[in-house]
Amino acid sequence: MAWSGPEAGAPIGVPLVDLLDRVLGTGVVISGDLVIAIAEVPLIRLSLHALLASVSERVPAPWSDGGPL
């Protein structure tokens, strides 16, 4: 039996707009480590952490004085 989709060999994917909407709706945490070494001697280590989420007016800020800035 043959595949009856739009294209038989096409990959199945999610549109970028739908992916961004889901990520911003729920939030995502990105973290990683970068180590720069010479001759197996670590010289510099960077730890990277990022939180990506949307802001909603319906959810109040956790601080009462207007924010950390």
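Calculation notes
Residues numbered from 1 in each chain as written. Predicted model: local features only at pLDDT ≥ 70, side-chain atom pairs only at ≥ 80, totals over all residues. Heavy atoms only, no water. Helix = DSSP H or I, 4+ residues; strand = E, 2+ residues; numbered from the N terminus. Buried < 20%, exposed > 50% of the residue type's maximum accessible area, 1.4 Å probe, protein only. Contact = heavy atoms within 4.5 Å. Areas by Shrake-Rupley, 256 points an atom, 1.4 Å probe, with all protein chains shown as cover. Patch = residues over 30% accessible without salt bridge, like charges linked within 9 Å, V, L, I, M, F, W, Y side chains within 5 Å. Salt bridge = Lys/Arg side-chain N within 4 Å of Asp/Glu carboxyl O.

1. Considerations on the overall build of the chain
Along the backbone of the chain there are one helix and two strands. Relative to its 69 residues, the chain shows a buried fraction of 1%. Of the contacts formed within the chain by residues at least 6 apart in sequence, a portion of 24% connects residues at least 24 apart. Taken as a whole, the chain presents about 6900 Å² of accessible surface, with 64% of it coming from carbon and sulfur.

2. Here's the deal with a nonpolar patch on the surface
On the surface, L34, I36, I38, V41, L43, I44, L46 and L48 cluster together to form a nonpolar patch covering roughly 730 Å² of accessible area. For the nonpolar patch, the secondary-structure elements that each account for two or more residues are β1 (28-38) and β2 (41-52). A total of five residues in the nonpolar patch trace back to one element, the largest contributor, which is β2. A relative accessible area of 40% means that L46 is categorised as partly exposed.

Purely geometric stuff here, so don't read any function into it on its own.
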